[in-house]
Amino acid sequence: MPSISKSRVLVVGIGSIGRRHARLLSERDNLQVEICEPNAKSLAVAREEVSDLQNHHDLESGLRTQPDVVVVASPHRLHKEQTLAALESGAHVLCEKPMSDSLVNAVAMKEAADTSDRILSIGFSFHFNPGVRRLKQLMADGELGSILHVHSRVGSYITLVNSISRHQADLAGALLLDYAHQPDLFYWLLGERPKGVYMQAIQGGTTELTSNPNVIDLVCDYEAPVMTSVHLNYLQMPDRGEIEVVGDQGWAHFDMVSESLRIGNRDSRSVETENYRGQRDDIYRAEHQAFFDAISGKRDPESPPSEAIVSMQVIDAAMRSWREQRRVELSSFN
């Protein structure tokens, strides 16, 4: 019986998220997974999880082998050049969030994808979190009534501790870029692009590791009568993470640490609790499956550049708002 050829996947960047991608993709019998990691220290750490995967010491040599798929899990500043190179080589690309380190670079990625016949999707894995998906369902089904406010909060000093590149110390706005999930979630849940952004932020404290800023409060306004807000900090340990939706008929609060969802009903004045405890790996398995289904034409990409770029627009406007101490409207693009 003839052997079935496997699709080849190249995972670029083997930090914590890259290792997870490589490990989980290696579970799939139809894939041959290889990695690209030039940093000897990072590679040594990765070998504890992906010991048997072939490593390419630079992207150019990896792309010369013509992989079918490239997963970009490198530092933010490399996303644009590596994604463009992978698309040009003929590979489909799953690029980790944030889309890039700047809106200008994200636009270049979108333009490259628009002229390519390859799939580019941005890795907003929260779309596959069952608790967050349930939250979206409650909103879509009208169980919370008209939505007036969505709020998210993240406090995560451990992110700085676990960072291999330590880019947060030098990259202004790294906290926003690291948590590009939050503005993306607002767009994914509401289906509406913000009109304007106002952000206040500070850098302070005496922690060993920090970023500039390391405390952020951001508010978005919209054409419709709804507002969103997010608080981010690189101080809290243990972690905190939550998202809350408030409507005129009810509210829902998802704790991303305990993975519990509380749903409040205005009429009955009751609160129900649903639990979504599960392995984080399953979220990424679902993300991978959706990506391969998009490649095979079974569905649209989950986070195409035309949608993922909204988070970069919000981040760009937020940083300008912080510097200029004023509300800033989002930049447009064609």
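Residues numbered from 1 in each chain as written. Predicted model: local features only at pLDDT ≥ 70, side-chain atom pairs only at ≥ 80, totals over all residues. Heavy atoms only, no water.

S.K.: When you look at the sheet that holds strand β1 (residues 7-12) in this model, what are you seeing that I'm missing?
M.R.: Pairing between sheet strands relies on hydrogen bonds along the backbone, with the strands arranged either parallel or antiparallel. Strands sit in the order β3-β2-β1-β4-β5-β6 across an open sheet of 6 strands; the sheet is parallel. At either margin of the open sheet sits one strand with a lone partner, and together these are β3 (55-56) and β6 (120-123). The pairing of strand β4 (residues 69-72) with strand β5 (residues 92-96) spans 4 bridges and is classified as parallel. The residue bridging Val72 from the neighbouring strand is Cys95, located in β5. (Pairing = 2+ DSSP bridges. Helix = DSSP H or I, 4+ residues; strand = E, 2+ residues; numbered from the N terminus.)

S.K.: Help me out: how do you make sense of the nonpolar core in this one?
M.R.: One recurring pattern in soluble globular proteins: nonpolar side chains tend to sit buried together. By size, the foremost hydrophobic cluster in this structure holds 70 residues, and its most contacted members are Leu176, Met199 and Leu218. With 9 residues, helix α11 (residues 305-324) is the single largest residue contributor to this core. Other than its neighbours up to four places away in sequence, Leu218 contacts Leu176, Val197, Tyr198, Met199, Thr228, Ser229, Val230, Val314 and Ala318. Within the second largest apolar cluster, 18 residues are counted, among which are Ile35, Ala46, Val69 and Ile119. (Core = buried A, V, L, I, M, F, W, Y, C linked by side-chain atoms within 4.5 Å. Buried < 20%, exposed > 50% of the residue type's maximum accessible area, 1.4 Å probe, protein only. Contact = heavy atoms within 4.5 Å.)

S.K.: Is there a simple way to think about the environment of Gly18 in this case?
M.R.: Within the secondary structure layout, Gly18 lies in helix α1 (residues 16-25). Since its relative accessible area comes to 0%, Gly18 is described here as buried. For the pair formed by Gly18 and Ala73, sequence separation is 55 residues and the distance between their alpha carbons is 5.2 Å. Gly18 has contacts with Val11, Gly13 and Ala73, leaving out every residue within four places of it along the chain.

S.K.: Got a minute to help me understand the layout of surface pockets in this structure?
M.R.: To find leftover empty space, a probe the size of one water molecule is rolled over the atoms. Here the second largest pocket is characterised by a volume of approximately 180 Å³. Lining the second largest pocket are 13 residues, and of these Asp101, Ser102, Ala172, Ile315 and Met319 lie nearest its centre. The element contributing the most residues to the lining of the second largest pocket is α11, with 6 residues. Class assignment of the residues belonging to the lining of the second largest pocket gives a composition of 7 nonpolar, 2 polar and 4 charged. (1 Å grid on protein atoms, 1.4 Å probe; cavity = no way out; pocket = protein on both sides within 12 Å on 5 of 7 lines; lining within 4 Å. Points joined across faces, edges and corners; volume = space filled by probe spheres on them. Nonpolar A, V, L, I, M, F, W, Y, C, P; charged D, E, K, R; others polar.)

S.K.: Looking at this structure, how should I read the packing of helix α5 (residues 103-114) against α11?
M.R.: Helix-helix packing: each pair is described by the crossing angle between the helix axes and the interaxial distance. Packing of α5 against α11 leaves a shortest axis separation of 9 Å and a crossing angle of 170 degrees. Considering the angle they form, α5 stands roughly antiparallel to α11. Contacts between α5 and α11 involve Leu103, Ala106, Val107, Lys110 and Ala113 on the former and, on the latter, Pro305, Ser306, Ile309, Met312, Gln313 and Asp316. Grouping the constituent residues of the contact of α5 with α11 by class yields 7 nonpolar, 2 polar and 2 charged. (Axes fitted to C-alpha atoms, helices over the stretch in contact; angles between N-to-C directions. Parallel < 35°, antiparallel > 145°, perpendicular 65-115°, else oblique.)

S.K.: Would you take a moment to explain the packing of aromatic side chains for this structure?
M.R.: For any two aromatic rings, the description comes down to two numbers: the centre-to-centre distance and the angle of the planes. Scanning all chains against the criterion turns up 2 aromatic pairs. For Lys97, the ring lying beneath its charged end belongs to Tyr179, and the centroid distance is 5.7 Å. Stacked on the ring of Trp188, the Lys or Arg Lys136 has its end atom at 4.6 Å from the ring centre. (Phe/Tyr/Trp six-rings, centres within 6.5 Å; stacked < 30°, edge-to-face > 60°. Lys NZ or Arg CZ within 6 Å of the ring centre and 35° of its normal.)

S.K.: What exactly am I supposed to notice about the state of the cysteines here?
M.R.: Joining two cysteines, a disulfide is a covalent bond between their sulfur atoms. Applying the stated rule across the entire model yields 0 disulfides. Considering cysteine sulfurs only, Cys36 is the nearest to Cys95, which forms no disulfide, with 14 Å between them. (Disulfide = S-S within 2.5 Å.)

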